[in-house]
Each structure stands twice: as C-alpha cells, then as structure tokens.
Amino acid sequence: MMLLVHLLMGALAVSAVAGAVTGAVTGAGRDESSAAYWHAEAQAGIAARLARRPAERARNVIMFLGDGMSVPTLAAARTLLGQRQGATGEEAKLTFETFPTAGLVKTYCVNAQVADSACTATAYLCGAKANQGTLGLSAAVPRWDCDASTDTSQHVESIAEWALADGRDAGIVTTTRITHASPAGTFAKAANRHWENDAEVRQAGYDPQRCPDIAHQLVHNYPGNQFKVILGGGRREFIPTSSLDEEGRSGRRTDGRNLIEEWQRDKVSRNVSHRYIWNRDQLMDSYSSPPQYLLGLFENNHLQYHLQANSSTEPTLAELTEVAIRSLRRNEKGFFLFVEGGRIDHAHHDNLVELALDETLEMDKAVATATKMLSEDDSLIVVTADHAHVMTINGYSGRGNDILGPSREVGRDGVPYMTLSYANGPGFRPHVNGTRQNVTAEPNYPPTSLK
Ligand SMILES: *[C@@H]1O[C@H](CO)[C@@H](O)[C@H](O)[C@H]1NC(C)=O
Ligand SMILES: *[C@@H]1O[C@H](CO)[C@@H](O)[C@H](O)[C@H]1NC(C)=O
Ligand SMILES: *[C@@H]1O[C@H](CO)[C@@H](O)[C@H](O)[C@H]1NC(C)=O
Ligand SMILES: *[C@@H]1O[C@H](CO)[C@@H](O)[C@H](O)[C@H]1NC(C)=O
C-alpha cells in the first residue's frame, strides 16, 4: 500500500483529516439535506482509510512542497477546483486530501517566529531547525557568516544525501529558480539563501572560493553533482553577466564562468549520458528515454505562472514531475525526488490570489501524476508546506459563492469586500474620505507576467 502523508501547516487541519470520501460526486445529485448522507460520508471515509495498509518500507520517496501553501489556501483552492468543474466547490477534494494520513507541523525557526523558506527547507529536508535564511547548516551558524559556515561539523545532511548514500538516485523539480531556497535545501550549505551566484557572495564581502555560491555548489559539490534530474528555472545564476541565455536574457555571474557548460563537461568526463535542455519541446524529446543526467533550466528567472505562461513553450509542473519520475524510477534501489510548487508563495506575496490558487492546483496535478505512476507497494508521497501566508477567508457567503469574488455580504459602510483578502501586501487600498474603496471590479491578475 502506498504510504501517503499530507502534512498541513497551522492549526486548522481537522477538516482535511475528516473529509475524505473516495469517489464522492460534487454538486447536484447528493441529498445533503439528509443526515444519513453525512453519516455515510463519514463511514466511507473511515473505511477507505482502514482499507489502506501502509508499506513497511518505501523504496521511492517523493516530497511535494507547496511554498506558502497555508491551510486557508487549501480551502480556497479546493473550492476553486470544484467551481471550475461547475460545482458549488466547497466539497471538492485535492488529490492529496484523499491521502490516508494527515498531520500538522510547527514551522518556527531557531531565531524566528515566522519562518522563511530557507530555515524551513533545512528543517524538513535535513531534520534540524536552523536560523532564518540559512541552508544546510545547524543553528550554530548565524546568517551571513561565511566563516562559520565553513565548519563542516555544522553542516547537516539532507534526505537527498541519505538516499544517495543508500545507492538510490535523487532529483529536484521546482517552478522557481533551481537555486532558490526550497530546492537548495536538498544540496546547499550556505549562510545566506541569497548567495545564488558568485556576485552575491562578493557583495556580502566574502570570497566565493571560500563560500561557493549555490549554483556552483549544485554543479560541483556533493550531493548536487550526483543529482540525476534537475528541472526548474534560474539560468541567470549559471551564466556570466556578459552572456545571454537562449531567450536573450543576461546572466548574473561575475566570475566569467558558464556553469551549464561546466555541468556538461563534468558529465562528459564521467562518461555518462546527459543533456541540458531549456524549453518544453526538448523536455518532451527526453520523455521516452531520459539520459542518465538531465539538467533543464526553462527560464532566466522563475518559471512563469501557469495562467500567464504559453503552454506550448513552458512545461507544467506535472510534466516536469513525470519526466523526473521516468528518469529516477530506473534505479532498482529507488529514489528521492523533491518537487516544489514554488510560486504559490510568490503570488501570495503579491496578493494575486487567483494565481496562488491556480499554482496550488498545478501542484496538485503533479501529485496526481506521481500517484498514478508509482506502485502502491513501495512508494511514499509526502505533501507539505513550509509556512503560511496572510490570506484569509472572510464573511458569511452562501454555499457556492464565487471564491474569487466579493462576499455576499457588504460591510456596515455598504461597501463590498472580497471573500479572499490579505492582511498585508499590495492588495491594500487606502480609504477615500473615510470610506473603503469598492475593489470588486479590479482584475484578478495581469494577463502576462513582467519578465
Ligand atoms: C563510455 O561509456 C560507453 C557506454 O557505456 C562505453 O562503451 C565506453 O567504453 C566508455 N568509455 C570510457 C573511456 O570509459
Ligand atoms: C506560444 O508559443 C508558440 C511557439 O513559440 C507561438 O507560436 C504562439 O504564438 C505562442 N502563443 C501565444 C498566445 O503567445
Ligand atoms: C461596487 O462595484 C460593483 C462592480 O462595479 C458594483 O456592481 C457595485 O454596485 C458597487 N457597490 C458599491 C456599494 O459601490
Ligand atoms: C472627498 O470629499 C471631498 C470633500 O467633501 C470631495 O470634494 C471629494 O470629491 C471626495 N472624494 C471622493 C473620491 O469622493
């Protein structure tokens, strides 16, 4: 049986534990007015969980990380999922909400009440809480302290390293720059998450020879140099300021090095099959027989939001995940794969809730792909998040109210408010003459991203 674990953040997860019914229909056709309906739903949920016997030992492990995927984000995303299918929405289920096990995690860091994606990555990938902004280091190393970070006794190993030591393969997939905090937690030892290229290390007053940047570590250091699949964005961290990438955008390195070429040369010297790819067509070419080592960097910066991307040129997270699994599952001993839906967080930071929810649903599609591809007998899939966000669900709207629209109520001032709103960030509108502004006609997000 597949061991499927869904770890939620925060304190509101009870509904996810109680809610699973396999094969539930949504919307019309159910007699929700009957108490027996709800009793049957609860019984079916318990029976479905009891029927699944967890595997004693998992050969393959995939960890899905929804960056900033708070509990209210899950509630809103499942409602949007159902509403997109023409149902009322609230009763819908994300794929991972049907997993048999759910839990809660506390996400504070050693020196921080509110976590960032680096100290959390260190915690959930290396098993030790750390200082905010640091990667792969114990909390004995303060952020920005290059010298302290060179003490290897304070380095903590990631689960990717444990997998490699056990003869398994490892890979990483993300919608952000591949050197960004969450994926970097699998391979980097860095006193500052922002040291993604050598220029950033120099700007902080340090010698990149002493504290190599995160892109350099991925290409040249263990365990990154052993990863069989590396798929994400962030070409700019790998090429010099004097170079343009395949889409005409410049690099950020000031050491003149092209780490994409160095990655290829390393694989040539090891006489292993390998390929560097940068667009969706090339990913599809690698689909049926991936090389032993695959490096895919699909944007200069982060991948575009799914709703803003050109789907013929930008791969989806599900497509990336599928190719990664096809590559890694060739190892009979098994594999560890880290998959991040990294832009849920970015959209929340910018208060672009439709994008945040859509990115959540995109990650859920990747989870669905993985559950279909792996055997229930030997694989563990964990879906979790690293911290919450300030999005809240407001008002007493009726069942099926557009989750992206205004609440059915208006405030005492007679002005509408949105069901989903943010406690801080650019969604704030100043009062005019002491009255809230009517934001209901504002667009949810711009049609294309500013690159
Ligand atoms: C490189 O690998 C190929 C295919 O596995 C093999 O035929 C060849 O002998 C290897 N070359 C060297 C120099 O090891
Ligand atoms: C998407 O990309 C393809 C290939 O470059 C191009 O032909 C098409 O016009 C693009 N679509 C949009 C909507 O920009
Ligand atoms: C707010 O804006 C919406 C959409 O433009 C409009 O239908 C509604 O009447 C407005 N409400 C108030 C109180 O101004
Ligand atoms: C705000 O109040 C002032 C003074 O009554 C008035 O001139 C102005 O038009 C009002 N602004 C808006 C946006 O209602």
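Values in this document were obtained by computation on a predicted structure and should not be read as measured data.

Caption draft 1: Just the overall build of the protein chain, in detail. Counting secondary structure elements, the protein chain contains 14 helices and 13 strands. Rg of the C-alpha trace for the protein chain: 23 Å, near the compact-globule value of 22 Å for 451 residues, within the 12% margin. Along the first, second and third principal axes, the C-alpha set of the protein chain runs to 70 × 60 × 45 Å. Taken over 451 residues, the protein chain has a buried fraction of 54%. Considering only contacts within the protein chain whose residues lie at least 6 apart along the sequence, 68% involve residues at least 24 apart. Put simply, the protein chain shows about 19,300 Å² of open surface, and 51% of that area lies on carbon and sulfur atoms. For the protein chain, the distance from the average position of its 43 positive side-chain charges to the average position of its 52 negative side-chain charges is 2 Å.

Caption draft 2: Here's a closer look at the site of ligand 3. Every residue close to ligand 3 is listed here: Gly414, Pro416, Asn438, Thr440 and Ala441. Asn438 is positioned such that a nitrogen or oxygen atom in its side chain is 2.3 Å from an oxygen atom of ligand 3. One of the side-chain nitrogen or oxygen atoms of Thr440 is found 3.0 Å away from an oxygen atom of ligand 3. Within the complex, the protein chains bury 37% of what would otherwise be the 360 Å² of accessible surface of ligand 3. Along the lines of polarity and charge, the residues of the shell around ligand 3 split into two nonpolar, three polar and no charged.

Caption draft 3: Broad picture of the environment of Ala309. Along the chain, Ala309 turns up in the loop between β7 (293–297) and α12 (317–328). Contact partners of Ala309, with chain neighbours within four places excluded, come to Gln304 and Glu314.

Caption draft 4: Up close: the domain arrangement of the protein chain. With domains assigned, the protein chain is organised as domain 1 (60–393) and domain 2 (406–450). Between domain 1 and domain 2, the C-alpha centre-to-centre distance is 33 Å. Opposite the 18 residues of domain 1 that make contact, domain 2 presents 16 residues. Summed over both sides, the interface between domain 1 and domain 2 buries roughly 1,400 Å², with carbon and sulfur atoms accounting for 57% of that surface. Contact with domain 2 buries area across many residues of domain 1, yet Gln308, Asn351 and Val390 alone supply 41% of it, more than any other trio.

Caption draft 5: How the structure looks around unusual backbone geometry. Cis geometry marks the peptide bond from Tyr222 to Pro223; its omega dihedral reads 10°. Assignment of secondary structure puts Pro223 in the loop between α9 (214–220) and β5 (229–233). Even without a glycine there, the phi angle at Asn351 is positive, about 60°. Take Asn351: it is sitting in the loop between α13 (343–349) and α14 (353–373).

Caption draft 6: Inspection of the packing of aromatic side chains at higher detail. Summed over the entire model, instances satisfying the criterion amount to four aromatic pairs. Pairing Tyr37 with Trp38 gives two aromatic rings, centres 4.8 Å apart and planes at 85°, and the pair type is edge-to-face. For Tyr37, a relative accessible area of 19% gives the class buried. What makes Trp38 partly exposed here is its relative accessible area of 37%. Taking the centre distance of 5.6 Å and the plane angle of 65° together, the rings of Trp195 and Tyr206 count as edge-to-face. One end of the pair, Trp195, is in the loop between α7 (181–184) and α8 (198–203); the other, Tyr206, is in the loop between α8 and α9, with 11 residues separating them in the sequence.

Caption draft 7: Structural detail: the confidence of the model for the protein chain. Across the protein chain, the average pLDDT comes to 92, with 93% of residues at 70 or higher. Between residues 7–28, whose pLDDT stays under 50, and residues either more than four places distant or in other chains, the model counts 53 contacts.

Caption draft 8: Representation of the packing of α12 against α14 in the model. Put simply, α12 and α14 touch, their axes get as near as 8 Å, and they point 30° apart. It follows from the interaxial angle that α12 and α14 lie roughly parallel. Seen from above, α12 lies across α14 with right-handed handedness. Here α12 contributes Leu317, Ala318, Thr321, Glu322, Ile325 and Arg326 to the contact with α14, which in turn contributes Glu362, Met363, Lys365, Ala366, Thr369, Ala370 and Met373. Grouping the amino acids of the contact of α12 with α14 by side-chain chemistry returns seven nonpolar, two polar and four charged.

Caption draft 9: A look at the state of the cysteines. All told, the structure shown has two disulfides when counted by the stated rule. Here Cys109 connects covalently by a disulfide to Cys119, the sulfurs 2.0 Å from one another. Judged by the sign of its S-S torsion, about 80°, the cystine formed by Cys109 and Cys119 is right-handed. Of this pair, Cys109 sits in the loop between β3 (101–105) and α4 (117–126) while Cys119 sits in helix α4, placing them 10 residues apart in sequence. The residue that forms a disulfide with Cys146 is Cys211, at a sulfur-sulfur distance of 2.1 Å. Taking the sign of the S-S torsion, 100° for the link of Cys146 and Cys211, the bridge is right-handed. Placement of Cys146 in helix α5 (residues 146–149) and of Cys211 in the loop between α8 and α9 is noted, with a sequence separation of 65 residues between them. According to the relative accessible area criterion, Cys146 is buried, its value standing at 1%. Judged by its relative accessible area of 5%, Cys211 is buried. Free of any disulfide, Cys126 has its nearest neighbouring cysteine sulfur in Cys119, separated by 12 Å.

Caption draft 10: Structural detail: the UniProt feature "active site" (unreviewed entry) in the protein chain. UniProt's feature table lists "active site" (unreviewed entry) at Ser117, given in the numbering used throughout. Position of Ser117 relative to the elements: it lies in helix α4. Excluding residues that lie within four positions of it along the chain, Ser117 makes contacts with Asp67, Ala181, Ser182, Arg193, Asp386 and His387. In terms of polar contacts, Ser117 uses its side chain to reach the side chain of Asp67, at 3.0 Å.

Caption draft 11: Structural context of the pattern of salt bridges. Inspection of the entire model under this criterion finds 30 salt bridges. Across the pair Arg177 and Glu196 runs a salt bridge whose closest N-O atoms are separated by 2.7 Å. Residue Arg177 is found in strand β4 (residues 169–177), and its partner Glu196 is found in the loop between α7 and α8; the two are separated by 19 residues along the sequence. An identical accessibility class is assigned to Arg177 and Glu196; each is buried. Here Arg436 ties to Asp413 by a salt bridge, and the two come within 3.0 Å at their closest N and O atoms.

Calculation notes
- Residues numbered from 1 in each chain as written.
- Chains lettered and ligands numbered in written order.
- Predicted model: local features only at pLDDT ≥ 70, side-chain atom pairs only at ≥ 80, totals over all residues.
- Heavy atoms only, no water.
- Helix = DSSP H or I, 4+ residues; strand = E, 2+ residues; numbered from the N terminus.
- Rg over C-alpha atoms; globule rule 2.2 N^0.38 Å.
- Buried < 20%, exposed > 50% of the residue type's maximum accessible area, 1.4 Å probe, protein only.
- Contact = heavy atoms within 4.5 Å.
- Areas by Shrake-Rupley, 256 points an atom, 1.4 Å probe, with all protein chains shown as cover.
- Lys, Arg positive; Asp, Glu negative; His and termini not counted.
- Charge placed at Lys NZ, Arg CZ, Asp CG, Glu CD.
- Near = heavy atom within 4 Å.
- Polar contact = N/O pair within 3.5 Å; in protein donor to acceptor, adjacent residues only side chain to side chain.
- Nonpolar A, V, L, I, M, F, W, Y, C, P; charged D, E, K, R; others polar.
- Domains from an automatic or database assignment.
- Buried area = accessible area lost by both parts, 1.4 Å probe.
- Phe/Tyr/Trp six-rings, centres within 6.5 Å; stacked < 30°, edge-to-face > 60°.
- pLDDT = per-residue confidence, 0-100.
- Axes fitted to C-alpha atoms, helices over the stretch in contact; angles between N-to-C directions.
- Parallel < 35°, antiparallel > 145°, perpendicular 65-115°, else oblique.
- Left-handed = near helix turned anticlockwise from the far one by under 90°.
- Disulfide = S-S within 2.5 Å.
- UniProt positions renumbered as here; feature names shortened; annotations may be inferred.
- Salt bridge = Lys/Arg side-chain N within 4 Å of Asp/Glu carboxyl O.

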